[in-house]
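Summary of the model geometry
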Amino acid sequence: MQLLWLSLFLLVQISGTSRVPVITQSPETLLVQTDKEAKLFCDIRSSTNTYGIYWFRQVMPPSVDNRYQFLVHSEKTTFTHGEGINSEHVLVSGEASKSTLRLRDVKPSDGGVYICAIIVGPQLVFGSGTQLNVVDVLPTTPTPTKKTTPKRKVCKTKPSEVTQQNGSLCSAFTLSLLVGCAVVLLISIIMIIRVNYLWNVARHHFVKQ
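A brief structural summary. As the structure is a computational prediction, the values presented were derived from the model and not from experiment. (Residues numbered from 1 in each chain as written. Predicted model: local features only at pLDDT ≥ 70, side-chain atom pairs only at ≥ 80, totals over all residues. Heavy atoms only, no water.)

Moving on, we come to the state of the cysteines. Inspection of every chain in the model, using the stated rule, returns one disulfide. Covalent S-S linkage joins Cys 42 and Cys 116, the inter-sulfur distance amounting to 2.1 Å. Its S-S torsion of about 75° marks the bond between Cys 42 and Cys 116 as right-handed, since a negative value means left-handed. Here Cys 42, found in strand S3 (residues 38-45), pairs with Cys 116, found in strand S9 (residues 112-120); they are 74 residues apart in sequence, far enough to count as distant. Per residue, the accessibility class of Cys 42 equals that of Cys 116, and both read buried. (Disulfide = S-S within 2.5 Å. Helix = DSSP H or I, 4+ residues; strand = E, 2+ residues; numbered from the N terminus. Buried < 20%, exposed > 50% of the residue type's maximum accessible area, 1.4 Å probe, protein only.)

Relative to the elements of secondary structure, Gln 25 occurs in strand S1 (residues 22-26). Taking C-alpha positions, Gln 25 is 9.9 Å from Phe 126, a pair spaced 101 residues apart along the chain. If we skip the residues at most four places from it in the chain, Gln 25 touches Phe 41, Cys 42, Trp 55, Tyr 114, Ile 115, Cys 116, Gly 127, Ser 128, Gly 129 and Thr 130. Of the polar contacts made by the side chain of Gln 25, one reaches the backbone nitrogen of Gly 129; its length is 3.0 Å. (Contact = heavy atoms within 4.5 Å. Polar contact = N/O pair within 3.5 Å; in protein donor to acceptor, adjacent residues only side chain to side chain.)

So, about the packing of aromatic side chains. Under the definition given, this model contains five aromatic pairs. A centroid spacing of 6.2 Å and a plane angle of 55° characterise the contact between Phe 56 and Phe 126, whose relative ring orientation is tilted. Linking Phe 56 in strand S4 (residues 53-58) with Phe 126 in strand S10 (residues 123-126), this pair joins segments that are 70 residues apart in sequence. What makes Phe 56 buried here is its relative accessible area of 14%. Linked through ring pairs, Tyr 54, Phe 56, Tyr 68, Phe 70 and Phe 126 together constitute an aromatic cluster. (Phe/Tyr/Trp six-rings, centres within 6.5 Å; stacked < 30°, edge-to-face > 60°.)

Turning our attention to unusual backbone geometry. Going from Ser 26 to Pro 27, the amide bond is cis rather than trans, its omega being -10°. Positionally, Pro 27 belongs in the loop between S1 and strand S2 (29-33). Although it is not a glycine, Asp 35 adopts a positive phi angle of roughly 70°. In this fold, Asp 35 is placed in the loop between S2 and S3. Take Asp 35: its relative accessible area is 44%, and that puts it in the partly exposed class. With a phi close to 60°, Lys 76 is a non-glycine residue in the positive phi region. Tracing the backbone shows Lys 76 in the loop between strand S5 (68-75) and strand S6 (78-81).

Next up, the structure:
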């Protein structure tokens, strides 16, 4: 009988351990400008239970204090801030399985890793954390340069130049035509003279006979 109760107890413990909810946080990193508002999100998955959500901040180097600072605890409509935490600067909202941490008018000193957590049985389950960095001026994204194709240069001719070119072509054509006619005429005259000479020579030859 005792063995049966022991088996049931171990079975309940194992099933309870396998149902530990998974906590995810977003974004992983966040860059915010000074005096702006930062929003961090915590999501409790694989769970139907209602948990009180805790928010912590881990101060990062160059600070020598690397401890976890308790910020706020939310459970339904009850909010409890940590010691020295300004409730107007650190605000939290959300549902049973989701929580949103808002930081108003952030300063560079607000930088660090923000972690949400819940209590499941005897253990404290932490989220993955969000790295918050606060800067005075946000970096600008360089605009990609577009590769331009050089345009081909087109020589434009004025109407007067076109007219002059056309006139020059016409003049050259007329001149070549005249020269050709003169050559043909000259050849014809030479042929006529030659034929007349041969005719005279032939006639004198027949007269002598």
